[in-house]
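# Tertiary structure, described
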Amino acid sequence: MSLYTDYLTEIETRKSEGLHPKPIDDGALVAELIENITDSASPYRKDCLDFFIYNTLPGTTSAAGVKAAFLKKIILGDVDVPEITPDFAFELLSHMKGGPSIGVLLDVALGEDAAKAKQAAEVLKTQVFLYEADMERLEAAFKAGNAVAKELLESYAKAEFFTKLPEVDEEIKVVTYIAAEGDISTDLLSPGNQAHSRSDRELHGKCMISPEAQAEIQALQKQHPDARVMLIAEKGTMGVGSSRMSGVNNVALWTGKQASPYVPFVNFAPVVAGTNGISPIFLTTVGVTGGIGLDLKNWVKKLDADGNPVLDENGDPVLEQKYSVETGKVLTINTKEKKLYDADGTELVDVSSAFTPQKMEFMKAGGSYAVVFGKKLQTLAADILGVEIPLVFAPSKEITNPGQGLTAVEKIFNKNAVGVLAKEPLLAGSDVRVKVNIVGSQDTTGLMTSQELEAMAATVISPSVDGAYQSGCHTASVWDKKAQANIPKLMAFMNKFGLITARDPKDVYPAMTDVIHKVLNDITVSDWDIIVGGDSHTRMSKGVAFGADSGTVALALATGEATMPIPESVKVTFKGEMKDYMDFRDVVHATQAQMLKQCGDNVFQGRVIEVHIGTLLADQAFTFTDWTAEMKAKASICISNDDTLIGSLELAKSRIQVMIDKGMDNEAKTLQGLIDKADKRIAEIKSGEKPALKPDDNAKYFAEVVVDLDQIVEPMIADPDVNNADVSKRYTHDTIRPVSYYGAEKKVDLGFVGSCMVHKGDMKIVAQMLKNLEEENGKVEFKAPLVVAAPTYNIIDELKEEGDWEVLQKYSGFEFDDLFPKAQARTEYENTLYLERPGCNLCMGNQEKAEKGDTVLATSTRLFQGRVVEDSDEKKGESLLASTPVVVLSAILGRTPTLDEYKSAVKGIDLTKFAPPVEVPSTTKSAHF
């Protein structure tokens, strides 16, 4: 009874916090519930029955295993529980969705009792989470002449688990709720500083937007019980900045429908909308839950008599309202006509993009998992029966045009495509199932990914995945009680599942808190790879990478596949010559600024940026691809010269070898396999058999952007513009300003050099600038704190060997110690240099933050409100983004520098030797490597 009494104590604690009992995932606790259920004299019997029926998690949790075994005893008549009849036991098994429940149902369905076998078969016909081992049992029984097995296989081949579901309602009534004006970051829906609670869905739901907003949503639900609340980003895009499955889970929890009466706090079918639609990554997550994402287009550019946009005094287009979606308006979505109507029946906007045949299938099935697994189940069953697969699901959209060349992403998708019917190569817009080569799971979403894997009854990584990594970087800064409770459990699960893990549960190797994107960039060893990761910054400089929600990551781990349309591409090339005092980060900022000037609109949004980077090795090229998440791009691809790609692969091999030397490889020898794959790719390039990936000359692009390096004459800063009168223009990455704009008068309260946007070269820049300034001024005094967090341990090891770490230590007031990691987040800073543990640090914002109201200058990618720094009562916090030398100098000066001060500070430092690609592969490489 000890576990149950502990559970009762926890319940009382949660009750005081306004929470219900936490869902049970521990089999030992369920065993104690069963002891009380079978003891008619137990005073706890009624409560234990309720916990068993309504509060035990399904899937492959240990709790689900014990629950399924007990339900089997009830079905077979071995145990009598009046409240749980055999019929009810079958119903409970039907809601457990895979894992042990499937095993029990197969035992009964293939058993001797014909009546019970028929009941079990009827339940099994509704299930989709069957794996190879389950199908092998059915196949063996079918070949042995078992009639039930034949009936089940025939049902699966016809996809009756899908066809017998009710259709999507033709009309869906919604009531509007404006969550915010402007782009809505997923941080508003699921704040990073609450990452520790994401796997506790009810607790995490408390952090969505604000308590006031939650109360307003509940009030709307009471006023309009026949309508679903639709969360809106007014004058902006919904869900920018991160996939954040927890954000969609929170929206579903407050506004969606309960998935099962026997599974608490798991809701589905949320409705979200934005004036400019939904961020592509976030929209994928909405699909996981069978939700609806609308592009409202309710604000449009005002045009003059000649049809040209009217501009305001800042040169920005003036917007005018086409129709109102103010909070409390009742609207109707017609899913058949694919249009949005006002209460009086007036058509407001066409919403066809939200109701493609594939998205309608997700809605009908209650989420994309059921469709993905259903298609696989149908294929397996048809193969066993030796019949053709009936056309049940909407056929994949396959767009071809003989003679048209392919973009880089089209080439990668065609190479990795699965189940394509077309004989010609597929073009952008085609729906494709693709093999996923590399998968990444990060630590603040990993707990949800493990839950998703349990829910879909997966127990081992797909053998078709080349490599997968579970990071520890998002919780690296502070080893507090929350991290100590969550991270070892996560690492143990993922290690057992088959991932390479940052922390080894068996303490064989030291904790490695390297930033996940850097590790994924290293273990991606082919320019033809497809990478999926649980973070919006899954943007590799080799292959093509897609940030995804924790569920899509789980799906990729379990099946080795992903399904998505081939995105359109925007080609980015360069001309001119880069000034020797400029950093490559300024090229990145200039790309955004020049694109907006050339195109008017953000043509990167929702598309792949194909950047012809040419001569930059993977680490520096990653600076560009990483930033593309903030450009709202779907993904990015670096087009490299042969020699450069070989250099990047050799660099990757050396870093993978370091991981092997630390003892991080697994029984499957995953890391060694990646080195072997890199060797094979290098040989292909050197022999000319398969040169570095390049698009065809006659490829078709949505747009082409040419970045003029001659125009980049001074450092540039991305400014959140927190006081812009137009709320929708705050906290976007579109305001790019030269450093001279600030007239050396912008006060800087803290500088941050870190996150995935920096590499070894940046650390060397910090050290060299300190030496330069010491030589020039005799000493260096910081007028603002400077926080430095190297992205990886191997960078620190190399800096120590080369003498740079010693320079940094000289000026540091704090240096991390892995033997005694910080147990509490820093809340105040001195004017000194802080050498923090490798990891995300301030960029993540879930552990460390700047002081409230600070003006932070950072190399980070994050300038969203409240992420790096929160507002104080007196002043808005702001996170401005710049290159490493600008950040370092600003921390020393306590303000933004003049151009002359900047040039003097970087004199003699080899910042970036970057030149546009030439006909013959250049041998120019950065001195950072």
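Anything mentioned here points back to the structure above.
Residues numbered from 1 in each chain as written. Predicted model: local features only at pLDDT ≥ 70, side-chain atom pairs only at ≥ 80, totals over all residues. Heavy atoms only, no water.

Tallied over the full model, the rule gives 56 salt bridges. Notably, a salt bridge pairs D342 with K329, separated by 3.5 Å at the nearest N-O pair. Here D342 is found in the loop between β12 (339–341) and β13 (347–350), whereas its partner K329 is found in the loop between β10 (319–321) and β11 (330–334), with 13 residues between them in sequence. Judged by its relative accessible area of 18%, D342 is buried. Under the relative-accessibility criterion, K329 is labelled partly exposed at 21%. The network of salt bridges with shared partners includes K760, K764, E798, E802 and D804. (Salt bridge = Lys/Arg side-chain N within 4 Å of Asp/Glu carboxyl O. Helix = DSSP H or I, 4+ residues; strand = E, 2+ residues; numbered from the N terminus. Buried < 20%, exposed > 50% of the residue type's maximum accessible area, 1.4 Å probe, protein only.)

What follows is about the sheet that holds strand β15 (residues 431–435). As summarised here, the arrangement of the three strands in space is β14-β15-β21, forming an open sheet in which the pairing is antiparallel. Single-partner strands in this sheet number two, and they are β14 (417–418) and β21 (561–565). Both β15 and β21 contribute to a ladder of five bridges, which runs antiparallel. In the sheet register, D431 faces β21, and the bridge partner there is P565. (Pairing = 2+ DSSP bridges.)

Take the pairing of strand β17 (residues 467–470) next. Side chains G467 and Y469 project from β17 onto one buried face, and the interleaved A468 and Q470 project onto a second face that is buried too. Bridge count for strand β16 (residues 438–441) against β17 is four bridges, and the pairing is parallel. Residue pairing across strands places I438 opposite G467, the latter belonging to β17. Pairing between β17 and strand β18 (residues 500–501): two bridges, direction parallel.

Ordered by their spatial adjacency, five strands build an open sheet running β18-β17-β16-β19-β20, and the pairing between neighbours is parallel. The open sheet terminates on both sides in strands that have one partner only, identified here as β18 and β20 (544–547).

Right, let's get into the nonpolar core. Counting residues in hydrophobic clusters, the biggest one holds 133 residues, and the most contacted among them are Y469, F574, F604, I613 and L770. In contact with I613, not counting residues within four places along its chain, are F574, F584, A621, F624, C638, I639, S640, F914 and P917. (Core = buried A, V, L, I, M, F, W, Y, C linked by side-chain atoms within 4.5 Å. Contact = heavy atoms within 4.5 Å.)

It is worth spelling out the environment of G277 at this point. Mapped onto the fold, G277 is located in the loop between β7 (271–274) and α15 (280–288). With a relative accessible area of 3%, G277 lands in the buried category. Each C-alpha atom, one on G277 and one on G236, is 7.6 Å from the other, the two residues being 41 residues apart in sequence. Among all residues touching G277, those that are not within four sequence positions of it are G236, T237, M238, L294 and D295.

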